[in-house]
Amino acid sequence: MLQSKMLASVNRPKVVAVHQLYVPTKSSQEAVGYDVRAYITDLCTEEHLLDAASMAWSSSNEHAVVVDGVKTAITDSCLKEKVLGQCGTFIYPQERRLVSCGFQIQTPVCMMLVPRSGLACKYGLTLSNSPGIVDPDYRGDIKVCLFNTGSLPIFIRDKDRVAQALFIYTLSVGTLIEVETLDPTERDHAGFGSTGIR
C-alpha cells in the first residue's frame, strides 16, 4: 500500500525505444530490477566465429564458447547455426565492450545499471563500471560496458538481457562544505576489511 502511494506521487520514467522489446521490464511482479536488453545490429560472420574459436583454444582448456547462456563446444556442429548471420557479438575473456540497450529515458530519479546475477556467477559477464549511474538530466542512448571476467568467449545476441536497471531516490545535499578536519567516530580511518568477515 505504501509503495503504491509513493508511486502515485512520483512522475514515472518515460522511455523512447527503437522497438517495444527494448523497453526495460520486470521479470516478475515482485522484481526490483528492470531487465535491460542488448541492441546489436551487426551480423556475426565466419571471421568472428573463427576469432572466437581461436580465442577459446588459447584462453582455456575447455575449447568452448558461451551461446544463449550455455557452454558450447567449438566442435559442436550446431554452433555455426546458432551464431552465423545472427545479430550479435562475441565478448572475449578480459574484454570490455560498450553495448547499446536500444532506448533513451527521462527519469525523475537516478537510474542505476547493475549486472545480472546468473551471467555474472556462471560465466563472469559483468559491468565494468557497476553500478552505472544514469543522471535524471541525461537524454542520450543508454549503453552498458560489458566486461567478460571469465575464461570463455561469450556470444551476446541482440535482445539478450544483459543488465538490470534500478530506480533510486537520491538525496540532494547541495554544495559540499570544505573543512580542515572531520568529526571523529569510533571506526575513524578503519577501511577495507577492518570489520572482518564474521
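Let us look at the structure shown here.

Right, let's talk about the sheet that holds strand S2 (residues 34–37) for a bit. Pairing is antiparallel across the open sheet formed by four strands, whose spatial order is S2-S13-S8-S10. Edge positions in the sheet fall to S2 and strand S10 (132–134), since each of these pairs with one other strand and no more. Recorded for the sheet is a direction-independent mean angle of 35° between the axes of neighbouring strands. Where strand S8 (residues 110–114) and S10 come together, three bridges link them in antiparallel fashion. The residue of S10 that forms the bridge with Met-111 is Val-134.

Moving on, we come to the pattern of salt bridges. Applying the stated criterion across every chain, the model contains six salt bridges. A salt bridge links Arg-116 to Asp-35; the shortest N-O distance between them is 2.8 Å. Of this pair, Arg-116 sits in the loop between S8 and helix H4 (117–123) while Asp-35 sits in strand S2, placing them 81 residues apart in sequence. With respect to class, Arg-116 is no different from Asp-35; both count as buried. Within the structure, one salt-bridge network assembled from shared partners comprises Asp-35, Arg-116 and Arg-161.

Rules behind the numbers
Along each chain, numbering runs from 1 in the same order as the chain's sequence is written. At least 70 in pLDDT is required for a residue's local features to be given in this predicted model, at least 80 for side-chain atom pairs to be given and counted, and no such filter applies to totals for whole chains, interfaces and linings, which use all residues. To obtain the side-chain values, all non-hydrogen atoms of the structure were included, while hydrogens and water were left out. When DSSP locates at least two bridges between a pair of strands, those strands are taken to pair. Helix numbers and strand numbers start at the N terminus; a helix is a DSSP run of H or I with at least 4 residues, a strand a run of E with at least 2. What counts as an axis is a line fitted to C-alpha atoms, over the stretch in contact for a helix, and the angles between N-to-C directions run from 0 to 180 degrees. The working definition used for a salt bridge is a side-chain nitrogen of Lys or Arg within 4 Å of a carboxyl oxygen of Asp or Glu. Working definition: with a 1.4 Å probe on protein chains only, accessible area under 20% of the residue-type maximum means buried, over 50% means exposed, and in between means partly exposed.

These figures capture arrangement, not role.
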